[in-house]
Amino acid sequence: MKIELKDNQVFFENHGLKKEIHPFWLRERVNGNEFIDKKTQQRLFDPTQIQEDIKINNLSLSSDHLEVSFNDGTSAKLLIQNILKEFSNINEIKEINKVEWDSSLKNLNYFEFRENFFEEEVMYKALTSFYKYGFVIFKKVPIEKNFIVNFANSIGSIRRTNFGEFFNVKSKPNPNDLAYTSLALAPHTDNPYRNPVPCIQMLHCIENEVSGGLSTLVDGYTVTEKLKKEFLDYYNILCEIKVRFQFVDQSIILEDWAEMIKLDENKNFKQVRFSPRLDFVPLVDKEKLELYYLARKKISELYNSDKYKVEFKLFPGDLLMMDNYRLLHGRTSYNSNEGKRFLQGCYIDYDSTEGRLKHLKRKLSL
Ligand SMILES: [Fe+2]
C-alpha cells in the first residue's frame, strides 16, 4: 500500500489497484489545533458546512507525511500511516482469528483476578483469549454477592434485560425460566428473542455445594463450520430462514425474527441462535420446511454431541465470561437437596469489550 501524487491529485495504491482519494475526504481530515480538539479527537468544525467544490491547491509527500492545501484556504499535514490504516480497514478484533475447538480443548482459558487488573496487560490477554475462543474463566474473583456488577462495569457497562440488571441463578418456586430450576439445560444461546441479543454473558459462582450442575459450553462457530463442510444444504437453509424466537411471561412478550446461523456481509460466521423451546419457524413451502426440520435436527445433534461439548465445574470465586453470539451454554442437572448452588449473571455489550481491548492496546503500546 502506498500514496502517490499526480497533478494535484492523491492516489492510493494497493496490490496494483490505484484509486484517487477524493479531495473532500482529505479536507475533512484537516487536523490543526483550530480544527480538532486534541483531547477528544473530535472535530471543532462541521464538515457539512464546507464548500462542495473542494480542490487541492498544493501537495507534498515525504516518507511519513502528506501535506495538502485546499482552495478554501485550509491545509493539513496527515500521517501517511493513518491514511493507510483507514484504507486497510484495520480492526483489532477482526485481526484476532477465531480458534475452532471441541471437547478435546484442555486449556479453559483461566485468568486470575487481581484488584485493578482491568487496566493491566493480563486483561488485554484475557480479552484476546475471549475473542479467540469465545470464553474465558476468571479465578479468585471475590465471593461477594452482587460483585458481578462491579466486575462487569469495570470492563464495559451492564446491559439490562427483562431479567433485570443481573440475575440470580438458583432453583426457586414458580420460575419464569427453566434456568431457575435444578433441571439439566441443553446447550442454548440466551435471549434469542431480543433485538439486539445480549452479546456477552457473565456468570459468577458464589456457592456450589452440589455434585452435579456442571457447566457446559459448545463452540457454535466450530459446529457451524462443520455443518458447512459436511451438510451444505442444511447450512444454507439455516442461514436463510428467519425463525421467530419468542419469550412470554406475565408482564411482557418479546419476539425477534432471525436466522439460526447469521452471516456477516462477507458471508462469514456472525452469530448463532439456538433455543429449541423458543423457536417458531414460519409457514414456508413444504419442501423448504422438510429441509429446515432435517437441518435443525442435525445441528441440534451436533450441538448436543459429546464431541463438541466441554464440561466443567464452576467453583465459588470463578467467573465465566462467554460470547452469547458464538457459544452455546448449558448445565447438567443437580440435586438441590445436596446443598446450595448459586450463580449470579449479567450481560455486557461487545463494543465495551472491544473498546477496552483497544484502550489497553493503546495504553500499554501492545
Ligand atoms: Fe442460559
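About the thresholds
Residues numbered from 1 in each chain as written. Predicted model: local features only at pLDDT ≥ 70, side-chain atom pairs only at ≥ 80, totals over all residues. Helix = DSSP H or I, 4+ residues; strand = E, 2+ residues; numbered from the N terminus. Buried ≥ 20, exposed ≤ 12 C-beta atoms within 10 Å, placed from the backbone. Contact = placed C-beta atoms within 7 Å. Domains from an automatic or database assignment. Core = buried A, V, L, I, M, F, W, Y, C linked by C-beta atoms within 7 Å. Pairing = 2+ DSSP bridges. Axes fitted to C-alpha atoms, helices over the stretch in contact; angles between N-to-C directions. Parallel < 35°, antiparallel > 145°, perpendicular 65-115°, else oblique. Left-handed = near helix turned anticlockwise from the far one by under 90°. Nonpolar A, V, L, I, M, F, W, Y, C, P; charged D, E, K, R; others polar. Arc of directions from axis to C-beta.

1. Focus on the overall build of the chain
Part 1: In terms of regular secondary structure, the chain is built from eight helices and 23 strands.
Part 2: Structurally, the chain occupies a C-alpha span of about 80 × 55 × 45 Å along its principal axes.
Part 3: The 366 residues of the chain split such that 29% are buried.
Part 4: Long-range contacts, defined here as pairs at least 24 residues apart, represent 75% of the contacts in the chain between residues at least 6 apart.

2. Let's talk about the domain arrangement of the chain
Part 1: Domain parsing of the chain yields domain 1 (2–87) and domain 2 (110–363).
Part 2: For domain 1 and domain 2, the distance between their C-alpha centroids amounts to 44 Å.

3. Some points on the nonpolar core
Part 1: Among the nonpolar cores identified, the biggest contains 64 residues, and Phe-135, Met-202, Ile-299 and Met-321 are the most heavily contacted of them.
Part 2: When residues of this core are assigned to their parent elements, the largest contribution, six residues, is made by helix α3 (residues 121–133).
Part 3: Excluding residues that lie within four positions of it along the chain, Met-321 makes contacts with Phe-130, Phe-135, Val-136, Phe-138, Ile-200 and Met-202.

4. A short note on the sheet that holds strand β8 (residues 75–79)
The strands that make up a sheet are held in pairs by hydrogen bonds between backbone atoms, and each pair lies either parallel or antiparallel.
Part 1: Spatially, β6-β7-β8 is the arrangement adopted by the three strands of the open sheet, whose pairing is antiparallel. Because the sheet does not close on itself, it has two edges, and the strands there are β6 (56–61) and β8. Pairs of neighbouring strands in the sheet enclose a mean axial angle of 15°, with direction left out of account.
Part 2: Sheet analysis places β6 next to strand β7 (residues 65–70), joined by five bridges and oriented antiparallel. The residue of β7 that forms the bridge with Leu-61 is Leu-66.
Part 3: Contacts from helix α2 (residues 80–87) reach β7 and β8 within the one sheet, and its direction differs from that of β8 by about 75°.

5. Here's the deal with the pairing of strand β1 (residues 2–6)
Two faces, one strand: in a regular strand the side chains alternate between the faces of the sheet.
Part 1: By the criterion of burial, β1 is predominantly exposed, with just zero of the five residues buried.
Part 2: As paired strands, β1 and strand β2 (residues 9–14) are joined by five bridges and run antiparallel to one another. Along β2, the bridge assignment pairs Lys-2 with Glu-13.
Part 3: Here β1 folds back onto β2, and the loop between the two strands holds two residues, one of which, Asp-7, carries a positive phi near 45°.

6. Quick word on unusual backbone geometry
Part 1: Here the amide bond leading from Asn-195 into Pro-196 is cis, since omega sits at -5°, within 30 degrees of zero.
Part 2: For Pro-196, the location among the structural elements is in the loop between β12 (185–188) and β13 (200–208).
Part 3: If you check the backbone angles, Asn-191 has positive phi at about 50° while not being a glycine.
Part 4: Counting through the fold element by element, Asn-191 comes out in the loop between β12 and β13.
Part 5: Positioned with a positive phi, Lys-267 is a non-glycine residue whose angle comes to about 65°.
Part 6: As for its placement among the helices and strands, Lys-267 is situated in the loop between β17 (261–263) and β18 (269–272).
Part 7: The exposure class of Lys-267 is exposed, given the 8 C-beta atoms found within 10 Å.

7. What about the packing of helix α5 (residues 220–230) against helix α7 (residues 286–304)?
The axes of two packed helices give the description: the angle between them and the distance between them.
Part 1: For the pair α5 and α7, the least separation of the axes is 10 Å and the interaxial angle reads 135°. By the angle between their axes, α5 is oblique relative to α7. Along this stretch, α5 crosses α7, giving a crossing that reads as right-handed. Judged by residue contacts, Val-223, Lys-226 and Leu-227 of α5 engage Ile-299, Leu-302 and Tyr-303 from α7.
Part 2: Among the residues forming the contact of α5 with α7, the class breakdown is five nonpolar, no polar and one charged.

8. So, helix α4 (residues 147–155)
Part 1: Turning to α4, its buried residues number three or more, namely Ile-148, Phe-151, Ala-152 and Ile-155. Viewed along the axis of α4, the buried residues span an arc of 90°, placing them on a single side of the element.
Part 2: The inward-facing, buried residues of α4 contact β13, β21 (319–323), β23 (341–348) and α8 (350–363).

9. Quick look at the environment of Gln-250
Part 1: With respect to the helices and strands, Gln-250 occurs in the loop between β15 (242–248) and β16 (253–259).
Part 2: Measuring from C-alpha to C-alpha, the distance between Gln-250 and Phe-167 comes to 18 Å, with 83 residues separating the pair along the chain.

10. Overview of the pairing of β15
Part 1: Alignment of β15 against β16, held across seven bridges, turns out to be antiparallel. By the bridge assignment, Val-243 is partnered in β16 with Ala-258.
Part 2: Two elements, β15 and strand β19 (residues 279–280), share two bridges in a ladder whose sense is antiparallel. Across the sheet, Phe-245 pairs through a bridge with Asp-279, a residue of β19.

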